[in-house]
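Each chain is listed here by its residues.
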There are 2 protein chains.
Amino acid sequence: MKGDGPTRILVLGGGFGGVYTALSLEKLLGREIDRGEVELGLVSRDNYIVFQPMLPEVISGSIGILDTITPIRRLCPRTNLYTRAIESIDTKRRRVTAAAGFGSQQLALPYDHLVIALGNVTSFAGQPGLPEHALPFKYLGDALVLRNHAIHVLEEADIERDAEMRRSLLTFVVAGGGFSGVEAVAELNDFVRAAARSFRNLAPEEIKVVLLHAGDLILPELPASLASFAQRLLAKRGVEIRLNARLAGATGDAALLEGGGRIPTRTLVSTVPSGPNPLVSALPCRKERGRLVTDEHLQVPDHPGLWAVGDCALIIDHQTGRPSPPTAQHAVREARCVAHNIAATLRGAARRTFAFKALGKMGALGHRSAVAEVFGVKVSGFLAWWLWRTVYLMKLPGLDRKIRVAVDWTLDLLLPPDIVQLRTERSVGIRREHFEPGEVICEEGGHGDWLYIVVDGEVDVVKRLPGRGEVALRRLGRGDCFGEIALLGDHVRTATARSATAVNVLAVDRDAFQALFSSLPPLRNFFERLIEERMMPGSPGGQAAPGDRTPAPASAV
Amino acid sequence: MKGDGPTRILVLGGGFGGVYTALSLEKLLGREIDRGEVELGLVSRDNYIVFQPMLPEVISGSIGILDTITPIRRLCPRTNLYTRAIESIDTKRRRVTAAAGFGSQQLALPYDHLVIALGNVTSFAGQPGLPEHALPFKYLGDALVLRNHAIHVLEEADIERDAEMRRSLLTFVVAGGGFSGVEAVAELNDFVRAAARSFRNLAPEEIKVVLLHAGDLILPELPASLASFAQRLLAKRGVEIRLNARLAGATGDAALLEGGGRIPTRTLVSTVPSGPNPLVSALPCRKERGRLVTDEHLQVPDHPGLWAVGDCALIIDHQTGRPSPPTAQHAVREARCVAHNIAATLRGAARRTFAFKALGKMGALGHRSAVAEVFGVKVSGFLAWWLWRTVYLMKLPGLDRKIRVAVDWTLDLLLPPDIVQLRTERSVGIRREHFEPGEVICEEGGHGDWLYIVVDGEVDVVKRLPGRGEVALRRLGRGDCFGEIALLGDHVRTATARSATAVNVLAVDRDAFQALFSSLPPLRNFFERLIEERMMPGSPGGQAAPGDRTPAPASAV
């Protein structure tokens with residue numbers, strides 16, 4: 001141990017890797033912590049750990065929302081928990097900076113040992129329209145958002161009179177046929193079909209649930225026979241499985257496939273893309289495919305005191321020589337190993353080499369069935385489901401959680417599913433949207449609730465004129481706005497805006513627009529001038545149709 | 001019945017008044033609805049009804065969040081439910097317009113009979129700082145926000161090093177000593193004190209919970225002896241009750257009292273102010289104190305086919321001659337009466353006159369105690385609490401809810417409280433803030449995450465200079481901005497901004513700022529010019545201190 005002050009161990013990340021590292025360190029170094037010789041800290045975005053395998057069940061509300069998650073403070077009572085975002089990691093000065101809280105001061109956290117357990121992040125980069133329109137499925141918040149969204153589209157479909165709109169509202173698309181996509185689509189399918197029974201004007205056969213998978217067979221993690229079983233079962237329950245289909249992009253009302261396919265939908269869930277955490281990318285250490293390279297003791301080579309576990313680390317199993325897969329089982333074993341090695345380093349004892357053989361794999365398929373491979377034995381159907389529940393219940397951290405989940409599961413056997421739409425989000429104010437060429441962004445006669453600013457691409461403004469059909473009024477490009485008249489005057493849209501190319505826009509809602517533009521004089525002046533120009537008949541701003549001799553009509557959207 | 005098409009009955013509002021009207025109409029007119037002679041519609045913001053008396057328990061998480069609410073579709077299977085916002089009511093053309101959904105088309109809902117059950121709305125109008133900084137407590141979303149906020153301030157207090165900031169984080173203020181304020185403060189007090197035990201660096205005695213009440217004795221709805229009992233009990237549990245204290249306003253870090261008092265806090269809950277629903281105010285009918293005047297049959301005089309129930313209606317009890325109080329008990333009785341009278345009108349039968357004597361009143365005080373007055377008998381303590389739970393369990397709509405809540409209550413006797421902070425909100429982008437004179441809006445050396453625009457009031461920009469103390473740089477007024485430099489350059493604040501008068505500002509966060517200002521050229525030009533001016537030493541924009549001969553320093557915030 002150092003002579004001056006306590007030894008400071010800092011863990012970054014509140015997933016299985018990070019939390020189990022802190023938990024194991026508390027056990028190994030409990031006495032040193034209590035004597036003040038060691039200080040243990042954990043930085044986590046949330047103050048709880050999500051038990052990921054149960055996330056899909058949040059969609060159907062079948063587990064009380066709070067029961068899937070365990071407060072970190074309860075699990076790790078001797079750890080100082082910092083629920084702040086991390087801004088930077090300085091390995092030279094051995095210091096992590098956390099974001100400012102209520103005050104405006106950042107928090108500097110110096111360390112002697114640092115464990116990086118930051119996992120990876122959802123990343124839709126490079127796929128047009130996905131960041132704007134696809135729903136991710138990684139955090140608890142994502143599951144809640146998806147649940148509310150599914151109920152919202154059912155609510156809207158129930159009162160929608162337009163057949164095409166109704167079909168797109170009742171189509172649900174999940175991209176990615178691995179464990180997390182399959183479990184999500186199974187729960188979503190069960191939920192929307194059961195919930196639809198509570199709606200007066202919805203028939204279950206109108207509902208379409210699609211799973212997109214890039215390969216020949218879903219669940220590539222499992223043996224082919226189990227995967228085929230799962231595939232047949234999902235199909236029997238009404239999930240349309242599209243094999244060798246890859247998501248290429250999205251708009252507000254469709255999923256776009258590679259090769260040009262298009263599925264009209266208002267609900268697109270993507271479980272596929274994950275990228276390295278930007279904080280890990282910024283570290284001056286060796287990485288392979290974005291993952292931090294570690295030695296057999298889980299330490300980062302040439303950086304004494306720097307350790308890494310979980311999905312953000314490349315960890316070679318020294319029995320098999322292969323990299324460890326990114327599962328919770330492995331993260332927990334890695335956490336125990338790294339905790340042992342840090343304690344051994346402090347005490348000058350021998351370190352341990354990491355090796356672990358997974359016990360098994362299992363995936364729930366909804367409706368009391370599952371597939372599993374445990375110690376090499378394949379199980380499917382109700383038995384696998386029962387096994388799934390029992391194993392996960394045993395693994396769920398904390399006794400009170402175990403009791404709550406067991407009670408919930410028992411009630412669910414008896415009670416109908418929940419269709420309450422739980423909204424806590426406030427209005428966003430500003431959002432991004434993506435359109436493919438030829439799509440209507442806003443329609444003449446429609447209600448105006450958004451101002452649009454073109455970020456890139458080109459937009460045509462057109463108007464229907466009696467006896468002359470559709471007339472082009474003007475073409476807009478980067479930095480141009482449209483929609484301001486309907487927004488300022490509370491009128492319906494006076495023209496239609498349609499994308500000429502692929503277009504990204506910024507949409508500003510009525511409240512945000514009025515707040516900003518009434519308090520910022522230069523903005524007010526700009527919009528007043530713009531509206532004056534566009535409202536003026538025959539103004540240079542309003543490009544009349546070719547060959548047109550009469551004054552151009554008012555051309556604002 | 002009319003000859004042409006069905007008779008259309010439309011109910012507005014998803015509270016107890018609206019939902020029980022639809023429920024009663026289904027019972028009375030079930031056969032006519034099934035034969036297509038009557039169409040029944042209900043427009044509600046949410047697809048569930050909140051059982052308000054249980055809202056405070058959501059704070060402590062002691063009832064599963066979903067269990068306090070019942071889906072309206074389950075209660076009223078023969079009613080068409082429209083979960084949309086209402087935009088206008090046209091009593092002349094007998095037509096209600098609902099907001100646009102996923103498409104851009106509004107929904108027109110024609111009616112023959114219209115029941116207004118729109119309740120009232122939270123309204124902080126006229127109290128400076130309350131709309132920006134007080135937490136309302138009316139909807140389920142409010143209770144969830146309060147719960148997350150309480151956990152958030154505990155998380156921050158646990159790692160805060162500044163004693164003053166720490167005190168304000170650990171102070172919780174509830175304004176309003178009626179039923180809803182008392183129940184909220186009782187649950188909040190229990191919750192934060194129990195939760196603090198899970199935090200390493202918080203001592204329960206550091207926590208301060210304050211109840212502000214305008215009168216001499218809390219719970220004016222109850223007999224004085226019961227109210228005194230409740231007051232003593234809350235005080236014993238650590239709630240500081242300030243009598244004859246009225247909230248006058250708020251800032252981001254304090255509750256302001258009438259007479260000049262100031263309580264530093266980051267958590268201010270206001271249960272007091274409610275105003276008439278703007279849709280009701282806009283109706284061309286007689287109102288008294290914002291409530292729709294009704295006749296003894298609950299019909300709006302001179303408007304055949306227009307009816308009103310619940311908190312938005314002025315309903316005279318024709319036995320006592322006094323107006324009915326705004327309680328759920330009364331709303332339910334009024335709903336049954338109005339449903340009977342509408343059915344009677346359709347059938348040409350006799351209408352009923354409204355009269356109802358309340359059965360009793362009760363309020364929970366947390367920690368297994370309550371006060372109640374039932375059929376004139378006063379009860380307090382554990383017996384009243386047991387009565388409270390039993391009565392409310394019986395009243396809770398839906399058998400599955402009853403079972404879930406009963407199970408939850410049983411588990412709560414055994415298991416510790418939950419401290420999971422459940423965040424689903426996305427970043428707001430733009431928010432309003434209020435400052436009283438002499439407050440620091442942003443501080444030199446602090447971290448810059450917001451751009452500020454002055455909506456009204458005046459702001460001084462000052463800077464500390466070595467050997468000269470604080471130097472005034474400039475005074476800003478309506479429409480001026482500050483904070484743009486730290487935001488654009490990711491620097492710390494280069495000066496301090498302090499309110500010279502009471503100030504309202506619009507704060508725009510980094511993401512919203514960058515999205516808007518990088519895609520809107522006039523805005524980009526404006527800010528580039530502004531920054532150039534302010535960064536230039538000796539510029540006319542930077543007012544040097546009086547008597548100062550040297551060039552003024554860079555003066556941006």
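Bear in mind the structure is a predicted one, so any value in this text is a computation, not a measurement.

The rules behind each value
- Residues numbered from 1 in each chain as written.
- Chains lettered and ligands numbered in written order.
- Predicted model: local features only at pLDDT ≥ 70, side-chain atom pairs only at ≥ 80, totals over all residues.
- Heavy atoms only, no water.
- Helix = DSSP H or I, 4+ residues; strand = E, 2+ residues; numbered from the N terminus.
- Buried < 20%, exposed > 50% of the residue type's maximum accessible area, 1.4 Å probe, protein only.
- Contact = heavy atoms within 4.5 Å.
- Areas by Shrake-Rupley, 256 points an atom, 1.4 Å probe, with all protein chains shown as cover.
- Phe/Tyr/Trp six-rings, centres within 6.5 Å; stacked < 30°, edge-to-face > 60°.
- Pairing = 2+ DSSP bridges.
- Salt bridge = Lys/Arg side-chain N within 4 Å of Asp/Glu carboxyl O.
- Expected span 1.5 Å × (residues − 1).
- Patch = residues over 30% accessible without salt bridge, like charges linked within 9 Å, V, L, I, M, F, W, Y side chains within 5 Å.
- Lys, Arg positive; Asp, Glu negative; His and termini not counted.
- Charge placed at Lys NZ, Arg CZ, Asp CG, Glu CD.
- Axes fitted to C-alpha atoms, helices over the stretch in contact; angles between N-to-C directions.
- Polar contact = N/O pair within 3.5 Å; in protein donor to acceptor, adjacent residues only side chain to side chain.
- Right-handed = clockwise from strand over helix to strand, strands pointing away.
- Left-handed = near helix turned anticlockwise from the far one by under 90°.
- pLDDT = per-residue confidence, 0-100.
- Nonpolar A, V, L, I, M, F, W, Y, C, P; charged D, E, K, R; others polar.
- Disulfide = S-S within 2.5 Å.

## A look at the overall build of chain A
Within chain A one finds 15 helices and 34 strands. Within the span of chain A, comprising 557 residues, buried residues form 57% of the whole. Nonlocal contacts in chain A, meaning residues at least 24 apart in sequence, comprise 68% of its contacts between residues at least 6 apart. Here chain A has roughly 22,700 Å² of accessible surface; of this, 53% comes from carbon and sulfur atoms.

## Looking at the packing of aromatic side chains
All names here are of chain B. Scanning all chains against the criterion turns up four aromatic pairs over all chains. Ring geometry for phenylalanine 16 against tyrosine 20: centres 5.7 Å apart, planes inclined by 5°, an arrangement best described as stacked. Note that phenylalanine 16 and tyrosine 20 are positioned in helix 1 (residues 16–34) at a spacing of four residues, about one turn of the helix. Of the residues examined, phenylalanine 16 reaches a relative accessible area of 12% and is grouped as buried. Taking the centre distance of 5.2 Å and the plane angle of 15° together, the rings of tyrosine 452 and phenylalanine 482 count as stacked. Residue tyrosine 452 is found in strand 29 (residues 450–456), and its partner phenylalanine 482 is found in strand 32 (residues 481–482); the two are separated by 30 residues along the sequence. Note on tyrosine 452: relative accessible area 5%, which makes it buried.

## What to know about the sheet that holds strand 23 (residues 313–314) of chain A
Residue and element names in this part refer to chain A. Across the sheet, which stays open at both edges, the three strands sit in the order 20-21-23 with mixed pairing between neighbours. Single-partner strands in this sheet number two, and they are strand 20 (287–288) and strand 23. Relative to strand 23, strand 21 (residues 291–293) runs parallel, the two sharing two bridges. Note on strand 23: the bridge partner recorded for valine 293 is leucine 314.

## Let's talk about the pattern of salt bridges
If charged atoms from side chains of opposite charge come close, those side chains can pair. Taken as a whole, this structure holds 38 salt bridges over all chains when the rule is applied. The shortest N-O distance in the salt bridge between arginine 347 of chain B and glutamate 32 of chain B comes to 3.1 Å. Of this pair, arginine 347 of chain B sits in helix 10 (residues 328–347) while glutamate 32 of chain B sits in helix 1, placing them 315 residues apart in sequence. On the accessibility criterion, arginine 347 of chain B (45% relative accessible area) is partly exposed. Through salt bridges that share partners, Arg73 of chain A together with Glu155 and Asp158 of chain B make up one connected network.

## Overview of helix 5 (residues 140–159) of chain B
Every α-helix carries 3.6 residues per turn, so stepping three or four residues along brings you back to the same face. The end-to-end C-alpha distance of helix 5 of chain B, which contains 20 residues, comes to 30 Å, matching closely the 28 Å that a straight helix rising 1.5 Å per residue would cover. Within helix 5 of chain B, 19 of the 20 residues are buried, leaving the element largely enclosed by the surrounding structure.

## Here's the deal with a positive patch on the surface
A cluster of basic residues, Lys27, Arg333, Arg336 and Lys395 of chain A, forms a positive patch on the protein surface. Among the secondary structure elements, arginine 336 of chain A is positioned in helix 10 (residues 328–347).

## Quick notes on the sheet that holds strand 15 (residues 247–251) of chain B
Whether parallel or antiparallel, the strands of a sheet pair through hydrogen bonds between backbone atoms. All names here are of chain B. Pairing is antiparallel across the open sheet formed by three strands, whose spatial order is 15-16-17. Here the strands that pair on one side only, and so sit at the sheet edges, are strand 15 and strand 17 (262–264). When strand polarity is set aside, the average angle formed by the axes of neighbouring strands in this sheet is 20°. Pairing of strand 16 (residues 254–257) with strand 17, which is carried by three bridges, proceeds in the antiparallel orientation. Considered in strand 17, the bridge of leucine 256 is made with arginine 262.

## Section: the pairing of strand 33 (residues 496–499) of chain B
Residue and element names in this part refer to chain B. Bridge count between strand 28 (residues 440–442) and strand 33: two bridges; the pairing is antiparallel. Each bridged residue has a counterpart across the sheet, and for cysteine 442 the counterpart in strand 33 is alanine 497. Two strands pair when backbone bridges link them, and strand 30 (residues 459–465) and strand 33 are joined in this way by four bridges, in the antiparallel orientation. What sits directly across from aspartate 460, in strand 33, is arginine 498.

## Here's the deal with the environment of arginine 291 of chain A
Mapped onto the fold, arginine 291 of chain A is located in strand 21. At 3.4 Å, the side chain of arginine 291 of chain A forms a polar contact with the backbone oxygen of aspartate 311 of chain A.

## Things to note about a nonpolar patch on the surface
The grouping of Phe382, Leu383 and Trp386 of chain A at the surface amounts to a nonpolar patch, some 360 Å² of accessible area in total. Here tryptophan 386 of chain A shows up in helix 11 (residues 382–395).

## Considerations on the pairing of strand 2 (residues 38–43) of chain A
All names here are of chain A. The element strand 2 is extensively covered by neighbouring structure, given that five of its six residues are classed as buried. Alignment of strand 1 (residues 7–12) against strand 2, held across six bridges, turns out to be parallel. Pairing of threonine 7 across the sheet is with valine 38, part of strand 2. Crossover connection from strand 1 via helix 1 (residues 16–34) to parallel strand 2: handedness right-handed. Both strand 2 and strand 5 (residues 80–82) contribute to a ladder of three bridges, which runs parallel. Its bridge partner being in strand 5, valine 43 is matched across the sheet by tyrosine 82.

## Concerning unusual backbone geometry
Residue and element names in this part refer to chain B. Phi is positive for arginine 94, close to 50°, though the residue is something other than glycine. The phi dihedral of leucine 298 is positive, around 70°, even though this residue is not glycine. Secondary-structure assignment places leucine 298 in the loop between strand 21 (291–293) and strand 22 (306–308). Under the relative-accessibility criterion, leucine 298 is labelled buried at 0%.

## Observations regarding the packing of helix 5 of chain B against helix 7 (residues 179–196) of chain B
All names here are of chain B. Orientation of helix 5 relative to helix 7, taken along the N-to-C sense of each, is 35°, at an axis distance of 11 Å. Crossing of helix 5 against helix 7: the hand is right-handed. From helix 5, Leu146, Ala150, Ile151 and Leu154 reach across to helix 7, where they touch Leu188, Phe191, Val192 and Ala195.

## Points about the confidence of the model for chain A
Residue and element names in this part refer to chain A. Mean pLDDT over chain A works out to 84, with 88% of the residues at or above the 70 mark. Taken as a whole, residues 539–556 scores under 50 in pLDDT and shows 34 contacts with residues more than four places along the chain or in a different chain. For this predicted complex, the interface confidence score (ipTM) comes to 0.78, while the overall pTM stands at 0.82.

## Some words on the packing of helix 1 of chain A against helix 10 of chain A
All names here are of chain A. Where helix 1 contacts helix 10, the two axes come as close as 8 Å, and the packing angle between them is 35°. Between helix 1 and helix 10 lies a crossing whose hand is right-handed. From helix 1, Phe16, Gly17, Tyr20, Thr21, Ser24, Leu25, Leu28, Leu29 and Glu32 reach across to helix 10, where they touch Ala328, Ala331, Val332, Ala335, Arg336, Val338, Ala339, His340, Ile342, Ala343, Leu346 and Arg347. Taken together, the residues of the contact of helix 1 with helix 10 sort by class into 14 nonpolar, four polar and three charged.

## Topic: the side chain of glutamate 439 of chain B
All names here are of chain B. Looking at the element boundaries, glutamate 439 is found in the loop between strand 27 (430–435) and strand 28. On the accessibility criterion, glutamate 439 (12% relative accessible area) is buried. A polar side-chain atom of glutamate 439 sits 2.8 Å from the main-chain amide nitrogen of glutamate 436. With near-sequence residues (within four places) excluded, glutamate 439 lies in contact with Thr251, Asp253, Arg262, Ala497, Arg498 and Ser499.

## Comments concerning the environment of isoleucine 72 of chain A
All names here are of chain A. In this fold, isoleucine 72 is placed in helix 3 (residues 72–75). On a C-alpha basis, the gap between isoleucine 72 and valine 50 in space is 9.9 Å, while along the polypeptide they are 22 residues apart. Setting aside anything within four residues of it in sequence, one finds isoleucine 72 in contact with Gly14, Val19, Leu42, Ser44, Asp46, Asn47, Tyr48, Ile49 and Leu81.

## Some thoughts on the environment of arginine 74 of chain B
Structurally, arginine 74 of chain B can be placed in helix 3 (residues 72–75). At a separation of 3.1 Å, a polar atom in the side chain of arginine 74 of chain B contacts the side chain of serine 198 of chain A.

## Some details on the state of the cysteines
Here, disulfide denotes a covalent bond that connects the sulfur atoms of two cysteines. All names here are of chain A. Summed over the entire model, instances satisfying the criterion amount to zero disulfides over all chains. Unpaired in this structure, cysteine 285 has its nearest cysteine sulfur neighbour in cysteine 312, at a distance of 11 Å. Unpaired in terms of disulfides, cysteine 481 finds its nearest cysteine sulfur in cysteine 442, a separation of 12 Å. In this structure cysteine 481 comes out as buried when scored by relative accessible area, which is 2%.

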